Amino acid sequence: TTTSTTVALVDDGILRIGLLAPLSGPGADLGRSIQHAAEFAVTRVNEAGGVGGRAVRLIVQDEGPDVTTATRGLDQLLGSDVDAIIGPASNQVALALLGGLVDDGVLTCSATASAIALDQYPDTGLFVRTVPSDAMAAEAMARSIDQTGRALIGIIHVDDAYGRTYADALVGRVNSRALSVVERIAYSPNAADVSADVDRLVDAGAEVVAVIGD
């Protein structure tokens, strides 16, 4: 005989919003902007009476520069019993952490994670974005390239899940306009110098260069 016990979550009537944004490292300026926007929104909601007559709480953690620091921040938010999370900002962090967030049943909204790899992510309706997918950005980029009247295209992109899928989409959009990709180069996210790659693009005869960076 086995006995199973299910512990029901207790609703204490307080809406807790977790914010995971890069407050340190190279993305700190972006992270602080996101934090200020969230603080402003929460202040306005609370001035209007909050949610259910209770003040909304905003709990902020640093996403930092990479998945390791973001994981620590996320663990802190989950330990604070947040009801939903704003963030993460980074595409790479979103791709790395979203599976766990979905498994935990946490509603997550990112304002900046635009990666095409997230378009068909099996998030069971728990992940939303307020930024368009890079699939739309690739279409806009291809249109702009086409409007230059030049036909020989070079593409240089960061070599990760964000850059590769974006570049694939761009190649498809460019080809549909009967333009030619004469060179496509993937560079390491950690590369300190891409001069040699730029030389390759020039030598290939590219008339327009599309840059997909991080």
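The following paragraphs examine the structure supplied in this document. (Residues numbered from 1 in each chain as written. Predicted model: local features only at pLDDT ≥ 70, side-chain atom pairs only at ≥ 80, totals over all residues. Heavy atoms only, no water.)

### Description of the overall build of the protein chain
Inference 1: When you go through the protein chain residue by residue, the secondary structure sums to 6 helices and 8 strands.
Inference 2: Put simply, the protein chain runs from its N terminus to its C terminus through helices and strands in the order β-α-β-α-β-α-β-β-α-β-α-β-α-β.
Inference 3: Its C-alpha atoms give the protein chain a radius of gyration of 21 Å, clearly above 17 Å, the size a compact globule of 214 residues would have.
Inference 4: Of all 214 residues assigned to the protein chain, the portion counted as buried reaches 36%.
Inference 5: For the protein chain, contacts bridging at least 24 residues in sequence account for 61% of all contacts bridging at least 6.
Inference 6: As presented, the protein chain carries roughly 11600 Å² of accessible surface, and 52% of it is formed by carbon and sulfur atoms. (Helix = DSSP H or I, 4+ residues; strand = E, 2+ residues; numbered from the N terminus. Rg over C-alpha atoms; globule rule 2.2 N^0.38 Å. Buried < 20%, exposed > 50% of the residue type's maximum accessible area, 1.4 Å probe, protein only. Contact = heavy atoms within 4.5 Å. Areas by Shrake-Rupley, 256 points an atom, 1.4 Å probe, with all protein chains shown as cover.)

### Remarks on the pairing of strand β2 (residues 57–62)
Inference 1: By the bridge criterion, 6 bridges tie strand β1 (residues 16–21) to β2 in an arrangement that is parallel. By the bridge assignment for β2, Gly 18 is matched with Ile 59.
Inference 2: As for the winding sense of the linkage, the β-α-β connection from β1 through helix α1 (residues 28–47) to β2 is right-handed. (Pairing = 2+ DSSP bridges. Right-handed = clockwise from strand over helix to strand, strands pointing away.)

### Quick look at the sheet that holds strand β4 (residues 107–110)
Hydrogen bonds between backbone atoms are what pair the strands of a sheet, whose relative direction is either parallel or antiparallel.
Inference 1: Reading across from one edge, β2-β1-β3-β4-β5 is the order of the 5 strands in this open sheet, with parallel pairing throughout. The sheet terminates laterally at β2 and β5 (127–129), the two strands that pair on one side only. In this sheet, neighbouring strand axes are inclined to one another by 20° on average, regardless of whether the strands run parallel or antiparallel.
Inference 2: Two strands pair when backbone bridges link them, and β1 and strand β3 (residues 84–86) are joined in this way by 3 bridges, in the parallel orientation. Considered in β3, the bridge of Gly 18 is made with Ile 85. (Axes fitted to C-alpha atoms, helices over the stretch in contact; angles between N-to-C directions.)

### A look at the packing of aromatic side chains
Inference 1: This model, assessed by the stated rule, comprises 1 aromatic pair.
Inference 2: Arranged with centres 6.0 Å apart and planes meeting at 90°, the rings of Tyr 162 and Tyr 166 form a pair that is edge-to-face. With Tyr 162 and Tyr 166 both in helix α5 (residues 161–175), this residue pair falls 4 residues apart, about one helical turn.
Inference 3: A relative accessible area of 11% means that Tyr 162 is categorised as buried.
Inference 4: According to the relative accessible area criterion, Tyr 166 is buried, its value standing at 7%. (Phe/Tyr/Trp six-rings, centres within 6.5 Å; stacked < 30°, edge-to-face > 60°.)

### What to know about helix α2 (residues 67–79)
Inference 1: Given a rise of 1.5 Å per residue, 13 residues ought to cover 18 Å, and the 18 Å separating the end C-alpha atoms of α2 matches this to within 8%.
Inference 2: Burial in α2 covers these residues: Thr 69, Ala 70, Gly 73, Leu 74 and Leu 77. Down the axis, α2 shows its buried residues gathered within 135° of arc, on one side only. Exposed and facing more than 90 degrees away from the buried side of α2 are Thr 68, Arg 72 and Gly 79.
Inference 3: Where the residues of α2 are buried, they touch β1, β2, β3 and α3 (91–103).
Inference 4: Between a side-chain oxygen at the N-terminus of α2 and the backbone nitrogen of Thr 68 the separation is 3.1 Å; the capping residue is Asp 66.
Inference 5: Two residues or fewer past α2, Asp 81 is found with a positive phi of approximately 60°. (Expected span 1.5 Å × (residues − 1). Arc of directions from axis to C-beta. Polar contact = N/O pair within 3.5 Å; in protein donor to acceptor, adjacent residues only side chain to side chain.)

### Examining the side chain of Asp 160
Inference 1: Here Asp 160 shows up in the loop between β6 (152–158) and α5.
Inference 2: Although Asp 160 is buried, it forms no salt bridge, and the closest oppositely charged side chain is Arg 164 at an N-O distance of 5.9 Å.
Inference 3: A polar atom in the side chain of Asp 160 sits 3.1 Å from the backbone nitrogen of Tyr 162.
Inference 4: Ignoring sequence-local partners within four residues, the contact set of Asp 160 consists of Gln 92 and Pro 189. (Lys, Arg positive; Asp, Glu negative; His and termini not counted. Salt bridge = Lys/Arg side-chain N within 4 Å of Asp/Glu carboxyl O.)

### Focus: the nonpolar core
Inference 1: Core analysis: the largest hydrophobic core is formed by 42 residues, its most contacted members being Ile 85, Leu 118, Ile 153, Ile 155, Leu 170 and Ile 212.
Inference 2: No other element matches α5, which puts 7 residues into this core.
Inference 3: In terms of nonpolar packing, the next biggest core, distinct from the first, is built from 5 residues, Leu 19, Ala 21, Ala 38 and Ala 89 among them. (Core = buried A, V, L, I, M, F, W, Y, C linked by side-chain atoms within 4.5 Å.)

Honestly, it's all geometry; don't read function into it.
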